[in-house]
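# A look at the structure
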Amino acid sequence: VGSFLGVLVLRLPVGEPVIFDRSRCPGCGRVLSVLDLLPIVSWLALRGRCRTCGTRLGWFYPLIEIAAGLVALWAALTVPPPVLWVSCGLGWALLALAVIDARHLLLPDPLTLPLIPTGFAVAAWIGVLPLSDHLIGACAGLLVPMALRAIYFRWRGREGLGLGDAKLLAAAGAWVSWQGLVGVVLIGSMAALVATLALAMHERRLQTQRPIAFGPFLCIGLWLVWLYGPLVP
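Presented here is an overview of the structure given in this document. (Residues numbered from 1 in each chain as written. Predicted model: local features only at pLDDT ≥ 70, side-chain atom pairs only at ≥ 80, totals over all residues. Heavy atoms only, no water.)

## Looking at the packing of aromatic side chains
- Applying the stated criterion to the full structure yields five aromatic pairs.
- The interplanar angle of 50° and the centroid separation of 4.7 Å between the aromatic rings of Trp43 and Trp59 together place this pair among those described as tilted. Of this pair, Trp43 sits in helix 2 (residues 41–45) while Trp59 sits in the loop between helix 2 and helix 3 (60–78); the two residues are 16 residues apart in sequence, bridging distant segments of the chain.
- Residue classification places Trp59 among the exposed positions, given a relative accessible area of 55%.
- Considering the side-chain rings of Trp85 and Trp92, the 6.5 Å spacing of their centres and the 50° angle between planes classify their relative orientation as tilted.
- Residue class for Trp85 comes out exposed when judged on its relative accessible area of 65%.
- According to the relative accessible area criterion, Trp92 is buried, its value standing at 16%.
- Directly above the ring of Phe60 sits Arg103, whose terminal nitrogen or CZ lies 4.9 Å from the centroid. (Phe/Tyr/Trp six-rings, centres within 6.5 Å; stacked < 30°, edge-to-face > 60°. Helix = DSSP H or I, 4+ residues; strand = E, 2+ residues; numbered from the N terminus. Buried < 20%, exposed > 50% of the residue type's maximum accessible area, 1.4 Å probe, protein only. Lys NZ or Arg CZ within 6 Å of the ring centre and 35° of its normal.)

## Looking at the pattern of salt bridges
- Tallied over the full model, the rule gives one salt bridge.
- A salt bridge links Asp109 to Lys167; the nearest nitrogen and oxygen atoms lie 2.9 Å apart. Taken together, the residues Asp109 in helix 5 (residues 109–112) and Lys167 in helix 8 (residues 163–203) connect sequence positions 58 residues apart.
- Judged by relative accessible area, Lys167 falls into the partly exposed class, the value being 21%. (Salt bridge = Lys/Arg side-chain N within 4 Å of Asp/Glu carboxyl O.)

## Quick notes on the environment of Asp133
- Note on placement: Asp133 falls in helix 7 (residues 131–156).
- Setting aside its immediate chain neighbours within four residues, Asp133 contacts Ser177, Trp178 and Gln179. (Contact = heavy atoms within 4.5 Å.)

## Some remarks on the state of the cysteines
- One pass over the structure, following the stated rule, counts zero disulfides.
- Cysteine Cys88 shares no disulfide, and the gap to the nearest cysteine sulfur, in Cys219, comes to 16 Å.
- The class of Cys88 is buried, set by a relative accessible area of 2%. (Disulfide = S-S within 2.5 Å.)

## Some points on the layout of surface pockets
- The space that makes up the second largest pocket amounts to roughly 590 Å³.
- Forming the walls of the second largest pocket are 31 residues, and the residues nearest its centre are Ser23, Arg24, Leu32, Leu37 and Tyr61.
- Those elements that place two or more of their residues in the lining of the second largest pocket are helix 1 (2–11), helix 2 and helix 3.
- Among the elements that line the lining of the second largest pocket, the one with the most residues is helix 1, at seven residues.
- Looking at side-chain class alone, the lining of the second largest pocket contains 17 nonpolar, five polar and nine charged residues. (1 Å grid on protein atoms, 1.4 Å probe; cavity = no way out; pocket = protein on both sides within 12 Å on 5 of 7 lines; lining within 4 Å. Points joined across faces, edges and corners; volume = space filled by probe spheres on them. Nonpolar A, V, L, I, M, F, W, Y, C, P; charged D, E, K, R; others polar.)

By themselves, these observations are geometric and do not establish any function.
What follows is the structure, encoded as structure tokens:
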């Protein structure tokens, strides 16, 4: 799963085929064999380099594989067995979205939009809350950010919130209902604020014009609320 997420993160934002193309060395273009693609093991055995041309492959590949394993372990230690694989699927999708947004300021529709009907399906299956609560959450998650986006654009003359963030919040509402959506936004906003202040302290200045990827912080908020429940009862 981690290897596939790595391919997804690298290829999806630039429009390259994700499934119907073999993995290749970014340096010499050689098609990689099965022995080159063993998660973590191959990277360690080759010391992070292509066996043909010696191009450095970087830390991205083992880190995304380890992160995918940690997501599964975290879910296994937190949720009951009936929803384990559902939770892993959500966590892996959020991991890919967070990394893509951090790298490209982009939340791709092929990853974000399927989370909305999937959230409704899981909500209907679990049946803890009425499905109407999840529908309200999805609508609020989509419409409120779009309204704020329009207001900010009218006020400042530039985009303040991407449509991808609104779609991700709609997915969050579908998964954790409107009650959980409050916690997603609060956790995401606080995490983004802390990260921005930490970056400003590191650079010793606050760059107000720098775009900030909000998606990774919303992904953190949704993951925590899904695992531990809403902040608002």
